[in-house]
Amino acid sequence: MTSVPGPESIDDLLARVHVVALPMRVRFRGITERELVLIDGPAGWGEFGPFGEYHDPEAAHWLASAVEMAWQGPPPPVRSRVPVNATVPAVPAGEVAAILDRFPGCMTVKVKVAEKGQHLVDDVARVAAVLQARPGARVRVDANGAWSVAEAAHAVRVLDQAVRAADVSRAPGTGPVSLDGPGLEYVEQPCATVDELVELRERLAADGVHVDVAADESIRRAEDPLRVVRAGGADRAVVKVAPLGGPRRLLAVAAELGVPVTVSSALDSAVGVAAGVAAAAALPGVGARGGSGAAGARGGSRGDDDDIPAAGLGTGGFFVEDVVDPGVFALEDGHLPVRQVAPDPARLEELRIGGERRDWWLDRIRRCHAIL
């Protein structure tokens, strides 16, 4: 096992697991039902839910995160709540307003773009629909590495102009983005490789397009999560608790990255989202070190609620049912509270799955536990 507190044996671990399936409102990552394992530990609840395509060495990080939360608990927070962005999947523009209704008070919106089978005109329409439904919102887009450098350079310019075009109708001071400032807040993982991200940043600078590039997959699915920033491929980092191995590992990576950090979720239940909130709550504010990171978690100044980039942790709205009652761990004024979350026993029983799927998850835990 790892050096942090953990189960006494694999049998101890398996005796504490609950395998559940959460029905989803919309298709996301190609699925309409999210299977997860929740672990009832002595310090709280942990969540293990690597997606099916993840091999065991990568999935083992998710188990380490679940064990940390269940046996060690969250790191000490420096704020009482965390700002959250709304997330809009690659839906038709006409469905955007209804999706945003699930994110009350969120004035930062992440829009999925570059969906297979769609075109840039669909992305532009989706971004325009966001700003029509929520005027003054700060917009970030996520391409999940789908573009080539040339495609990304063109798309980022067009989408940035689309945001600026929506902004010019607003009076100065009516929103978080000034009229003479950048349009898009950032573009997340526009290209797949580190080399492509480096080339894209150089091309955007040469073209006079002032949009930050944020790395996601190039950090959470990389053997060296620091490489993309050190190579000059990212202005920002999007980090997730489970793929990095837990909140404390995330804080350590964020400290070394030295760029603004957005903490995001991986389509988690309320238990997994609470782990992400715990990590975001422990980050120092931008003013503490000129960017987001973890240095302040070890003695830096305490932050306020909005001194970190809005976290991508508002994914609970994608589920028809979650493991907690509505309102127990809900968005309020665009923020999530910092608290440990325990599943409601009745909901846990209702969402429980058994048979072959449960056996599949138990076997996966055994294999990942052997790697730790």
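Residues numbered from 1 in each chain as written. Predicted model: local features only at pLDDT ≥ 70, side-chain atom pairs only at ≥ 80, totals over all residues. Heavy atoms only, no water.

As annotated in an unreviewed UniProt entry, the chain carries the name o-succinylbenzoate synthase and is attributed to Dietzia cinnamea. In UniProt, the chain has this text filed under Function (unreviewed entry): "Converts 2-succinyl-6-hydroxy-2,4-cyclohexadiene-1-carboxylate (SHCHC) to 2-succinylbenzoate (OSB)." (UniProt positions renumbered as here; feature names shortened; annotations may be inferred.)

Evaluation of the coordinates by the stated rule reveals six aromatic pairs. Between the aromatic rings of phenylalanine 103 and phenylalanine 318, the centroid separation amounts to 6.1 Å while the plane-to-plane angle is 65°, which identifies the pairing as edge-to-face. Taken as a pair, phenylalanine 103 in the loop between α3 (96-100) and β6 (108-112) and phenylalanine 318 in the loop between α12 (286-289) and β12 (335-337) lie far apart in primary sequence, 215 residues in all. On the accessibility criterion, phenylalanine 318 (0% relative accessible area) is buried. Measuring from ring centre to ring centre gives 5.0 Å for tryptophan 360 and tryptophan 361, while their planes differ by 85°; the resulting arrangement is edge-to-face. The buried category is assigned to tryptophan 361, whose relative accessible area is 2%. (Phe/Tyr/Trp six-rings, centres within 6.5 Å; stacked < 30°, edge-to-face > 60°. Helix = DSSP H or I, 4+ residues; strand = E, 2+ residues; numbered from the N terminus. Buried < 20%, exposed > 50% of the residue type's maximum accessible area, 1.4 Å probe, protein only.)

Glancing now at empty space enclosed by the protein. A water-sized probe rolled over the atoms picks out the places where empty space is left. What the rule picks out here adds up to two cavities of 30 Å³ or more. Here the largest cavity defines a volume of roughly 150 Å³. Among the elements of the structure, β2 (31-41), β3 (44-48), α2 (56-71), α9 (241-244) and α11 (270-282) are those that each provide at least two residues to the lining of the largest cavity. Residue composition of the lining of the largest cavity, grouped by class: twelve nonpolar, seven polar and four charged. Counted as a void, the second largest cavity has a volume near 40 Å³. Lining the second largest cavity are Gly44, Trp45, Met69, Val271, Ala274, Gln340 and Val341. If you list the elements that add at least two residues to the lining of the second largest cavity, you get β3 and α11. Of the residues assigned to the lining of the second largest cavity, the class counts are five nonpolar, two polar and no charged. (1 Å grid on protein atoms, 1.4 Å probe; cavity = no way out; pocket = protein on both sides within 12 Å on 5 of 7 lines; lining within 4 Å. Points joined across faces, edges and corners; volume = space filled by probe spheres on them. Nonpolar A, V, L, I, M, F, W, Y, C, P; charged D, E, K, R; others polar.)

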